[in-house]
Amino acid sequence: MSKKPVRVAVTGAAGQIGYALLFRIASGEMLGKDQPVILQLLEIPDEKAQKALKGVMMELEDCAFPLLAGMEAHSDPMTAFKDTDYALLVGARPRGPGMERKDLLSANAQIFTAQGKALDKVASRNVKVLVVGNPANTNAYIAMKSAPSLPRENFTAMLRLDHNRALSQVAAKTGTQVKDIEKLTVWGNHSPTMYADYRFATVNGKAVKDLINDQEWNKNVFLPTVGKRGAAIIEARGLSSAASAANAAIDHMHDWALGTNGKWVTMGIPSNGDYGIPKDTMFGFPVTTKDGKYEVVKGLEIDAFSQERINLTLNELQEEQQGVAHLL
Ligand SMILES: NC(=O)C1=CN([C@@H]2O[C@H](COP(=O)(O)OP(=O)(O)OC[C@H]3O[C@@H](n4cnc5c(N)ncnc54)[C@H](O)[C@@H]3O)[C@@H](O)[C@H]2O)C=CC1
Ligand SMILES: O=C([O-])CC(=O)C(=O)O
């Protein structure tokens, strides 16, 4: 028997990430090749944006995706999020050259207060929310705090792009395949302070740390390369990453919904106090997922270097979160 369609809301649907994301959701890459979807697409109430959204919907129609059970264009989150099972909050201003992601906070924070409130009122009580719009962790925190009637664990921020970037760098350094690398993670904020950590990683059962055995490379090449990759893409393309960001959003939701079979992935989630991260801080952690739920990988040893890096990214996040306290 075929499955009942689920509702997937996507904001910023006419933007560059939207264009790389919607077709993959509609083709079943996010929720499975047997899961029909109804797309509920949100764009700003602006003639040009709404017209562009119509164009994207025409193209979706022209793909004749068998799993696309319906699609709607919206300009109000209260209708776009009605009964939605999944919400991908992408719509926000991107940064340009010379900016840090936290420079977007004042421009984007209000979007996430309004959208959190709308999710609170009209979304499915089981909605799974992924915030992509930057600064992603703090925007996810704002949305969560603006939606007090929804379970806090339903709100997540995207660190999967950082996780995937770290995988590719480690594979290149060790001359191995991404698919063979396990137990890698990225702690903290989606910002240059993030701490990509391969201390526990293995490739075909061998310890990545031993294969690399170069703390100078870790500190002076790997961490800055992963942490500043977004800026490097902006420098090269003149625009921020879009296809890789959409790919990471697909990976994040796919794994949250369908499980990781014990494999670690990185998700930005509200802390429960693990590893000394204060409750509710929206922080990148290693997790495994099963039956639509994620669980933090517990009991990892945090050495002095790692603690220093974790403190750095935590301090930055706490400053960002204090900076938006007046909105909540
Ligand atoms: N977390 C991550 O790893 C990454 C996050 N990003 C962030 O994703 C966001 C979107 O990036 P792009 O698609 O490249 O930007 P874009 O400018 O191409 O598209 C953004 C779209 O969002 C729409 N929008 C703005 N406010 C909205 C609102 N209140 N409701 C609905 N739609 C709204 C705009 O009209 C525009 O069409 C940016 O904040 C960017 O920094 C980008 C890459 C990676
Ligand atoms: O860097 C940016 O502004 C876009 C982004 O978040 C990324 O590519 O990681």
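Criteria and thresholds
- Residues numbered from 1 in each chain as written.
- Chains lettered and ligands numbered in written order.
- Predicted model: local features only at pLDDT ≥ 70, side-chain atom pairs only at ≥ 80, totals over all residues.
- Heavy atoms only, no water.
- UniProt positions renumbered as here; feature names shortened; annotations may be inferred.
- Helix = DSSP H or I, 4+ residues; strand = E, 2+ residues; numbered from the N terminus.
- Buried < 20%, exposed > 50% of the residue type's maximum accessible area, 1.4 Å probe, protein only.
- Contact = heavy atoms within 4.5 Å.
- Pairing = 2+ DSSP bridges.
- Axes fitted to C-alpha atoms, helices over the stretch in contact; angles between N-to-C directions.
- Parallel < 35°, antiparallel > 145°, perpendicular 65-115°, else oblique.
- Left-handed = near helix turned anticlockwise from the far one by under 90°.
- Nonpolar A, V, L, I, M, F, W, Y, C, P; charged D, E, K, R; others polar.
- 1 Å grid on protein atoms, 1.4 Å probe; cavity = no way out; pocket = protein on both sides within 12 Å on 5 of 7 lines; lining within 4 Å.
- Phe/Tyr/Trp six-rings, centres within 6.5 Å; stacked < 30°, edge-to-face > 60°.
- Expected span 1.5 Å × (residues − 1).
- Arc of directions from axis to C-beta.

As recorded by an unreviewed UniProt entry, the protein chain carries the name Malate dehydrogenase and is attributed to Ramlibacter agri. Looking at the Sequence similarities (unreviewed entry) heading of the UniProt record, one finds this comment for the protein chain: "Belongs to the LDH/MDH superfamily. MDH type 2 family."

1. Things to note about the side chain of Asp255
Within the secondary structure, Asp255 is located in helix H10 (residues 243–258). Under the relative-accessibility criterion, Asp255 is labelled buried at 10%. When residues no more than four places from it in sequence are discounted, the contact partners of Asp255 are Arg160, Thr260, Val265 and Thr289.

2. Quick notes on the sheet that holds strand E11 (residues 206–207)
Strand order across the open sheet formed by three strands is E7-E10-E11, with antiparallel pairing between neighbours. In this open sheet, the two strands that pair with only one neighbour each are strand E7 (181–182) and E11. By the bridge criterion, two bridges tie E7 to strand E10 (residues 202–203) in an arrangement that is antiparallel. Note on E10: the bridge partner recorded for Ile181 is Val203.

3. Points about the packing of helix H5 (residues 136–145) against helix H11 (residues 304–323)
Helix-helix packing is characterised by the crossing angle of the two axes and by the distance between the axes. Put simply, H5 and H11 touch, their axes get as near as 10 Å, and they point 45 degrees apart. Regarding the angle of H5 to H11, the classification is oblique. You can see that H5 and H11 cross each other, and the crossing is right-handed. Along the contact surface, H5 presents Asn137, Thr138 and Tyr141, while H11 presents Leu317, Glu320 and Gln321. By residue class, the composition of the contact of H5 with H11 is two nonpolar, three polar and one charged.

4. Focus on the UniProt feature "binding site: NAD(+)" (unreviewed entry) in the protein chain
Here, UniProt's "binding site: NAD(+)" (unreviewed entry) annotation points to Gly12, Ala13, Ala14, Gly15, Gln16, Ile17, Gly18, Asn108, Gln115, Val132, Gly133 and Asn134. Those annotated residues that line the largest pocket are Gly12, Gly15, Gln16, Ile17, Gln115, Val132, Gly133 and Asn134. Inspection of the secondary structure assignment puts Gly18 in helix H1 (residues 16–26). In contact with Gly18, other than residues within four places in its own chain, are Gly12 and Ala13. Relative to the assigned elements, Gly133 resides in the loop between strand E5 (128–131) and H5. Discounting residues that sit within four places of it in the chain, Gly133 has contacts with Leu89, Val90, Ala92, Phe112 and Asn139.

5. Digging into the packing of aromatic side chains
Within the structure shown, the criterion is met by ten aromatic pairs. Between Tyr19 and Phe23, the ring centres sit 5.5 Å apart and the planes meet at 75 degrees, which makes this aromatic pair edge-to-face. Remark: Phe23 and Tyr19 occur in helix H1; sequence separation between them is four residues, near one turn of the helix. For Phe23, a relative accessible area of 15% translates into the label buried. Here the aromatic rings of Trp217 and Phe222 are separated by 5.3 Å at their centres, their planes lie at 25 degrees, and the arrangement is stacked. Grouping residues by exposure puts Trp217 and Phe222 together as buried. Among the aromatic residues, ring-to-ring pairing joins Trp187, Tyr275, Phe283 and Phe285 into one connected group.

6. Remarks on the environment of Ala166
Structurally, Ala166 is set in helix H6 (residues 160–174). Since its relative accessible area comes to 0%, Ala166 is described here as buried. Remark: the alpha-carbon pair of Ala166 and Phe81, spanning 85 residues in sequence, is separated by 33 Å. Once residues within four sequence positions are removed from consideration, Ala166 is found in contact with Leu184, Ala196, Phe222 and Val226.

7. Re H11
Here H11 contains 20 residues, and its C-alpha end-to-end distance of 29 Å stays within 8% of the 28 Å for a straight helix at 1.5 Å per residue. Taken together, the buried positions of H11 are Phe305, Ser306, Arg309, Ile310, Thr313, Leu314, Glu316, Leu317, Glu320 and Gln321. Angular distribution of buried residues about the axis of H11 spans 160 degrees; they occupy a single face of the element. Opposite the buried face of H11, at more than 90 degrees from it, the exposed residues are Ala304, Glu308, Glu319 and Gln322. Buried residues belonging to H11 abut helix H4 (105–122), H5, strand E8 (185–187), strand E9 (195–197), helix H8 (215–227) and strand E13 (282–290).

8. Structural notes on the packing of H6 against H10
At a closest axis distance of 8 Å, the pairing of H6 and H10 adopts a crossing angle of 105 degrees. Between H6 and H10, the crossing angle belongs to the class labelled roughly perpendicular. Contacts between H6 and H10 involve Arg160, Leu161 and Asn164 on the former and, on the latter, Ser244, Ala245, Asn247, Ala248, Asp251, His252 and Asp255. For the contact of H6 with H10, the per-class residue count stands at three nonpolar, four polar and three charged.

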